[in-house]
Structure formats: structure tokens, C-alpha cells
Amino acid sequence: MRRLSWLPATCAYRLVAEGRDLYWWHPLVSGDPESVHEAGISVRGRVVSEDEAGEPENHIVHWVA
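## Structural notes on the pattern of salt bridges
The tally for this structure, following the rule as stated, stands at three salt bridges. Among the ionic pairs, Arg 20 bridges to Glu 18, the shortest N-O distance being 3.0 Å. Note that Arg 44 is salt-bridged to Glu 34, the shortest N-O span being 3.4 Å. With Arg 44 in the loop between helix H3 (35–38) and helix H4 (50–53) and Glu 34 in the loop between helix H2 (27–30) and H3, this pair connects stretches of sequence that are 10 residues apart. Since its relative accessible area comes to 35%, Glu 34 is described here as partly exposed.

## Notes on the packing of aromatic side chains
What the rule picks out here adds up to one aromatic pair. Summarising the aromatic geometry, the rings of Tyr 23 and Trp 25 are spaced 5.3 Å apart at their centres and angled 5° between planes, so their arrangement reads as stacked. Among the residues examined, Tyr 23 registers a relative accessible area of 30% and is labelled partly exposed.

## Description of the environment of Ile 41
Tracing the backbone shows Ile 41 in the loop between H3 and H4. Spatially, the C-alpha atoms of Ile 41 and Thr 10 are 9.4 Å apart, while their sequence positions differ by 31 residues. The residues contacting Ile 41, other than those within four sequence positions of it, are Trp 25 and Val 36.

The rules behind these values
- Residues numbered from 1 in each chain as written.
- Predicted model: local features only at pLDDT ≥ 70, side-chain atom pairs only at ≥ 80, totals over all residues.
- Heavy atoms only, no water.
- Salt bridge = Lys/Arg side-chain N within 4 Å of Asp/Glu carboxyl O.
- Helix = DSSP H or I, 4+ residues; strand = E, 2+ residues; numbered from the N terminus.
- Buried < 20%, exposed > 50% of the residue type's maximum accessible area, 1.4 Å probe, protein only.
- Phe/Tyr/Trp six-rings, centres within 6.5 Å; stacked < 30°, edge-to-face > 60°.
- Contact = heavy atoms within 4.5 Å.

Here it is in C-alpha cells:
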């Protein structure tokens, strides 16, 4: 996992590999899959299917922290 630098800082695999705790909103912690959406960090409503997207260059954004 440590060699996969493209994983976001909030990725559960990355956090576990680094010996860190999962965030409160992670379903394994909260017990609720909706907590990710309630925390405002999911991609719900921000992504489209690759079958419908068209050219990738038209969809590059910089919203991931």
C-alpha cells in the first residue's frame, strides 16, 4: 500500500497500512454506509459513467483534498 501514492489520504487501505485509525464517517466505524455521504466526502453526484462521459479531458476536476 505504501507504494501506491495515488491513494487518497482518506483511503482505508492506506490508513490501515500506516497504522492510523479510520475516520468517524467510515462505514466500518460508523456502522452506517450513509455516513460517507453525510460527511460530504463521497463522490455521489460528482461522477458519471465512463460509458456516458465522452472525452476524459472534459471531466478533469480538482476537488479532491
